[in-house]
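Fold and geometry: a report
Here are the chains, one letter per residue:
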Amino acid sequence: MSAVSWLNSEAFTAFGQHVIWSDMIGNIIGLAALALGWRRSIWTWPAQFLAGVILFIAFAPHLTGSAGKQVVVMAVAAWGFWQWSRGRQQAQDGSIGVRFATWRERGIMVAAAALGTVAVALLFTAYPKLSWDPWPDAYIFVGTLVAMYAQARGMVEFWFAWLLVDLVGVPLNFANGYAFSGFVYVIYGALVLWGMRDWWLRSRTSPALEGAAA
């Protein structure tokens, strides 16, 4: 059996849901990536990239749109690693410095999320093979990219964006047979709340970052 075939084979069945290895492994790595992001470790980005690779394998045989989205996620993860490795936002303890976004940045992210969701949903609607549920799927995809962008810039709003993604991601994954993904999204929610509190408190002690909005 090839590695790809093994990754797309069934790991176990729980509550009538078939869990495949790639779905389980990819989401566990994604969970680790979120925990690393909470700790402001640069290793969050390689972990997110690896999760994208595994989930690409999970989706490629039957959900080409979802597989294509993982390619975009991997690209953003590579960009995020480059952002953090540049050292523009280092805190005194050597980790990434965190801050709240400016009102201008918030407006841009909200507008990008809204317009991006509409554009991607229309694309998914025009090409039904790209998505199982165009509008919620587009919302999760664009919301994930916005969250990753905010994380790369060290913005506390990263956690708010992830929380909004979770609110749709949990029921959508359960409804479409990705039980393990849905379960992991529930854990994501708890980590998001803890991470939000940690970054919020740290933003009060981090010095102002010059050129943060650049």
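Please read all numbers here as calculations on a predicted model, not as lab measurements. (Residues numbered from 1 in each chain as written. Predicted model: local features only at pLDDT ≥ 70, side-chain atom pairs only at ≥ 80, totals over all residues. Heavy atoms only, no water.)

1. Observations concerning the nonpolar core
Spelled out, the test is: Nonpolar core, defined: a set of buried Ala, Val, Leu, Ile, Met, Phe, Trp, Tyr and Cys residues in which side-chain atoms within 4.5 Å join the residues together. For every residue, the accessible area obtained with a 1.4 Å probe (protein chains only) is divided by the maximum for its type, and the residue is called buried under 20%, exposed over 50%, and partly exposed between those limits. Helix and strand assignments come from DSSP, with helices taken as H or I runs of at least 4 residues and strands as E runs of at least 2, each series counted from the N terminus.
Formed by 39 residues in total, the largest nonpolar core has its most connected members in L34, F158, W159, W162, Y185 and W199. If you list the elements that add at least two residues to this core, you get α2 (21–38), α4 (64–85), α5 (103–126), α6 (134–152), α7 (157–175) and α8 (179–205). A total of nine residues in this core trace back to one element, the largest contributor, which is α6. Within the second largest apolar cluster, five residues are counted, among which are I29, A33, A47 and A51.

2. Observations concerning the confidence of the model for the protein chain
Just so we agree on the cut-off: How sure the predictor is of each residue is captured by pLDDT, a score from 0 to 100. By definition, residues are in contact when any of their heavy atoms lie within 4.5 Å.
Per-residue confidence for the protein chain averages 80 on the pLDDT scale, and 80% of its residues sit at or above 70. Averaged pLDDT values for the elements of the protein chain fall to 70 in helix α1 (residues 3–7) and rise to 95 in α5. Under a pLDDT of 50 for its full length, residues 207–214 has, in the predicted model, 15 contacts with residues more than four places off or in other chains.

3. A few points about the side chain of Q70
With respect to the element layout, Q70 can be found in helix α4. Beyond its immediate chain neighbours, meaning those up to four positions away, Q70 contacts G52, L55, F56 and F59.

4. Some thoughts on the packing of aromatic side chains
Selection rule: The aromatic pairing rule takes the rings of Phe, Tyr and Trp, using the six-membered ring of Trp, and pairs them if the centres are within 6.5 Å, calling planes under 30 degrees apart stacked, those over 60 edge-to-face and the rest tilted. In this analysis the charged atom, NZ for Lys or CZ for Arg, is taken to sit over a ring once it is within 6 Å of the ring centre and within 35 degrees of the ring normal.
Overall, the coordinates contain eight aromatic pairs when judged by the stated rule. Between W79 and Y149, the ring centres sit 5.7 Å apart and the planes meet at 5°, which makes this aromatic pair stacked. A residue pair is termed long-range when its members are at least 10 positions apart, and W79 in helix α4 and Y149 in helix α6 qualify at 70 residues. Consider the rings of F158 and W199, whose centres lie 5.4 Å apart with planes at 50°: the pair is tilted. With F158 in helix α7 and W199 in helix α8, the pair connects residues that are 41 residues apart, well separated along the chain. Each member of the pair, F158 as well as W199, is classed as buried. Three or more aromatic residues joined by ring pairs make a cluster, and in this case those are F100, F160 and W200. In this structure, R86 is placed above the aromatic ring of W82, and the distance from its NZ or CZ to the ring centre is 4.4 Å. Here the guanidinium or amino end of R106 rests over the ring plane of W103, the centre of that ring lying 4.5 Å away.

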